[in-house]
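# Chains, contacts and geometry: an overview
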Protein chains: 2
Amino acid sequence: MSDATEIRFSGFGGQGVILMGIALARAAALYDRPTDEDGKVVKKTAVQTQSYGPSARGGHSKCDVKISAKEMHYPFVEVPDYLIILSQQAYAKYIHDRKPETRIIIDPDLVRERPKGEVYMIPATASAEELGTRIVANVVMLGALREISQIVSHEALERALFETLPKVTHDLNRKALELGAKLGREALEAAGKG
Amino acid sequence: MSDATEIRFSGFGGQGVILMGIALARAAALYDRPTDEDGKVVKKTAVQTQSYGPSARGGHSKCDVKISAKEMHYPFVEVPDYLIILSQQAYAKYIHDRKPETRIIIDPDLVRERPKGEVYMIPATASAEELGTRIVANVVMLGALREISQIVSHEALERALFETLPKVTHDLNRKALELGAKLGREALEAAGKG
């Protein structure tokens, strides 16, 4: 059993899938300060990988992140603990790379199918539109993932996001992150885990 | 001997080191269409990796890209073929991960030392300032790397860059890329390879 937590973000080009991975990896490794039972800070390492090849030419996009308290020598994600899916095409491609415990987070407006298992429906795109622009759907989804997984603190994630986004967008992205957290809590409750 | 070409971009946070790696990887895998001696298109695969860990907390930034005509199973770059250095701190950290053939490309205004070997001096930051903003120093450097390495076509790189950058910045970035190509040609000439 690996000590690492593996996360796969998938969707189509232009949805900001890569940004999600970069922000999560930076939040975990650079800004999060979780403590163990003795109150000692646990320092984490994160690796973010993207592969581009013949398969990526179809227009879908994937970004993998692996987070661990130990050093990692094999950075590829093969069977993720969290699988985030933002398009039907990405669903078809990645849904089979899973284990029974994989938590699947999908945008139900962009993915037709409803997989079995531990599935969380997060209407990230529709919710982003309520904020005025679907461009922040990825940040809504990231907020939901954080709430469901508790992999990093909300503060660390916000800091990592703000660092990579222009200042004029911070207010909008703060709202998107908070809306995602709310959707995440509701999805946990709907799954009887709230 | 590996069939892959390995490139390491290094600098400090905020210089756009990650963008350089993403643009190069996407250009190589998605948009470049090189042909072999039979005129057949060679399809390439690219992997872009970033590791964040205790060392990254010091403020330096690194982005590795591996490009190959074959599938890759080990994505880490250990001894790059091209080492791009945009800060003195990155220099101190990465200059030793090299082989005799490694081509080193540095911004001489940001790196005090002058390494031995095949070294190209590209004043990317000062040149970007001539264009009005040092924010495009990374794109200048990318243009120089392309010229020196010929890893991808200018057109493929421009397309990959434009895809990830806001439209209002395309003109500026086109100029930055061309300026970098010019600096790359001059550096090749200075090295007697023009």
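Residues numbered from 1 in each chain as written. Chains lettered and ligands numbered in written order. Predicted model: local features only at pLDDT ≥ 70, side-chain atom pairs only at ≥ 80, totals over all residues. Heavy atoms only, no water.

## Some points on the packing of helix 1 (residues 17–31) of chain B against helix 5 (residues 154–164) of chain B
Residue and element names in this part refer to chain B.
- Relative to each other, helix 1 and helix 5 sit at 125°, their axes nearing to 8 Å. Relative to helix 5, the element helix 1 lies oblique. Taken as a pair, helix 1 and helix 5 cross one another with a handedness that is right-handed. Seen from helix 1, the contacting residues are L19, A23, L24, R26, A27 and Y31; seen from helix 5, they are A156, L157, R159, A160, L161, E163 and T164.
- Here the contact of helix 1 with helix 5 is built from residues that sort into nine nonpolar, one polar and three charged. (Axes fitted to C-alpha atoms, helices over the stretch in contact; angles between N-to-C directions. Helix = DSSP H or I, 4+ residues; strand = E, 2+ residues; numbered from the N terminus. Parallel < 35°, antiparallel > 145°, perpendicular 65-115°, else oblique. Left-handed = near helix turned anticlockwise from the far one by under 90°. Contact = heavy atoms within 4.5 Å. Nonpolar A, V, L, I, M, F, W, Y, C, P; charged D, E, K, R; others polar.)

## Notes on the side chain of B:T102
Residue and element names in this part refer to chain B.
- If you trace the backbone, T102 turns up in the loop between helix 2 (88–94) and strand 5 (103–106).
- Here T102 falls in the buried class, since its relative accessible area comes to 0%.
- A polar side-chain atom of T102 sits 2.8 Å from the main-chain carbonyl oxygen of P80.
- Leaving out residues up to four positions away in the same chain, T102 has contacts with V79, P80, D81, L83 and E118. (Buried < 20%, exposed > 50% of the residue type's maximum accessible area, 1.4 Å probe, protein only. Polar contact = N/O pair within 3.5 Å; in protein donor to acceptor, adjacent residues only side chain to side chain.)

## Describing the sheet that holds strand 2 (residues 45–52) of chain B
- Here we have twelve strands laid out as an open sheet, ordered 6(A)-5(A)-4(A)-1(A)-3(A)-2(A)-2(B)-3(B)-1(B)-4(B)-5(B)-6(B), and mixed in their pairing. Each having just a single partner strand, strand 6 (118–121) of chain A together with strand 6 (118–121) of chain B make up the two edges of the open sheet. Taking each pair of neighbouring strands and ignoring which way they run, the sheet shows an average axis angle of 15°.
- By the bridge criterion, eight bridges tie strand 1 (residues 5–12) of chain B to strand 3 (residues 60–68) of chain B in an arrangement that is antiparallel. For B:S10, the partnering residue across the bridge sits in strand 3 of chain B and is B:K62.
- In the packing of helix 1 (residues 17–31) of chain A onto the sheet, the strands contacted are strand 1 (5–12), strand 2 (45–52), strand 3 (60–68) and strand 4 (82–85) of chain A together with strand 2 of chain B, and the crossing angle to strand 3 of chain A comes to about 10°. (Pairing = 2+ DSSP bridges.)

## Description of the nonpolar core
- By size, the foremost hydrophobic cluster in this structure holds 99 residues, and its most contacted members are A:F9 and B:F9.
- Look past the residues within four positions of B:F9 in its chain and what remains in contact with it is B:V17, B:M20, B:G21, B:L24, B:S61, B:K62, B:C63, B:V65, B:I84, B:L142 and B:L145.
- Counting residues in hydrophobic clusters, the runner-up holds ten residues, among them B:L83, B:A90, B:Y94 and B:V111. (Core = buried A, V, L, I, M, F, W, Y, C linked by side-chain atoms within 4.5 Å.)

## Brief notes about the interface of chain B and chain A
- Of the residues lining the interface, 26 residues belong to chain B; the matching set on chain A comes to 26 residues.
- Buried area between chain B and chain A, summed over both chains or domains, comes out near 2,100 Å², and the portion from carbon and sulfur atoms is 57%.
- Across the contact surface, chain B and chain A share zero salt bridges.
- Counting across the interface, chain B meets chain A through four residue pairs in polar contact (both at pLDDT 80 or more).
- Mapped onto the side of chain B that touches chain A, the elements with two or more residues apiece are helix 1 and strand 2 of chain B.
- In the side of chain B that touches chain A, the residues fall into 14 nonpolar, seven polar and five charged.
- As paired strands, strand 2 of chain A and strand 2 of chain B are joined by seven bridges and run antiparallel to one another. The partner of A:V47 across the bridge, within strand 2 of chain B, is B:S51. (Buried area = accessible area lost by both parts, 1.4 Å probe. Salt bridge = Lys/Arg side-chain N within 4 Å of Asp/Glu carboxyl O.)

## Things to note about helix 5 of chain B
- Of all the residues in helix 5 of chain B, the buried ones are B:H154, B:A156, B:L157, B:E158, B:A160, B:L161 and B:F162.
- Turning to helix 5 of chain B, the residues buried within the fold contact helix 1, helix 4 (137–149) and helix 6 (170–190) of chain B.

## Quick word on the confidence of the model for chain A
- The predicted model of chain A has a mean per-residue pLDDT of 91, with 96% of residues at 70 or higher.
- The ipTM, which scores confidence in the relative placement of chains, is 0.73 for this predicted complex, and the corresponding pTM is 0.84. (pLDDT = per-residue confidence, 0-100.)

## A few points about the relation of the copies chain B and chain A
- Expressed as a screw transformation, the operator carrying chain B onto chain A has a rotation angle of 180° and an axial translation of 0.0 Å, and the superposed copies differ by an RMSD of 0.0 Å. Expressed as a symmetry operation, the mapping of one chain copy onto the other fits a two-fold axis. Relative to the rotation axis, the C-alpha of B:T49 is the closest in chain B, positioned 2.3 Å from it.
- In this assembly the copies share their binding face: 100% of the residues contributing to the interface of chain B also contribute to that of chain A. (Least-squares fit on C-alpha atoms with pLDDT ≥ 70 in both.)

## Some points on the packing of helix 4 (residues 137–149) of chain A against helix 5 (residues 154–164) of chain A
Residue and element names in this part refer to chain A.
- The interhelical angle for the contact between helix 4 and helix 5, taken along N-to-C directions, is 155°, at an axis separation of 10 Å. Here helix 4 lies roughly antiparallel to helix 5, going by the angle between them. As for how helix 4 packs across helix 5, the hand of that crossing is right-handed. Mapping the contact onto sequence places V139, L142 and R146 in helix 4 and H154, L157 and L161 in helix 5.
- Counted by class, the contact of helix 4 with helix 5 contains four nonpolar, one polar and one charged residues.

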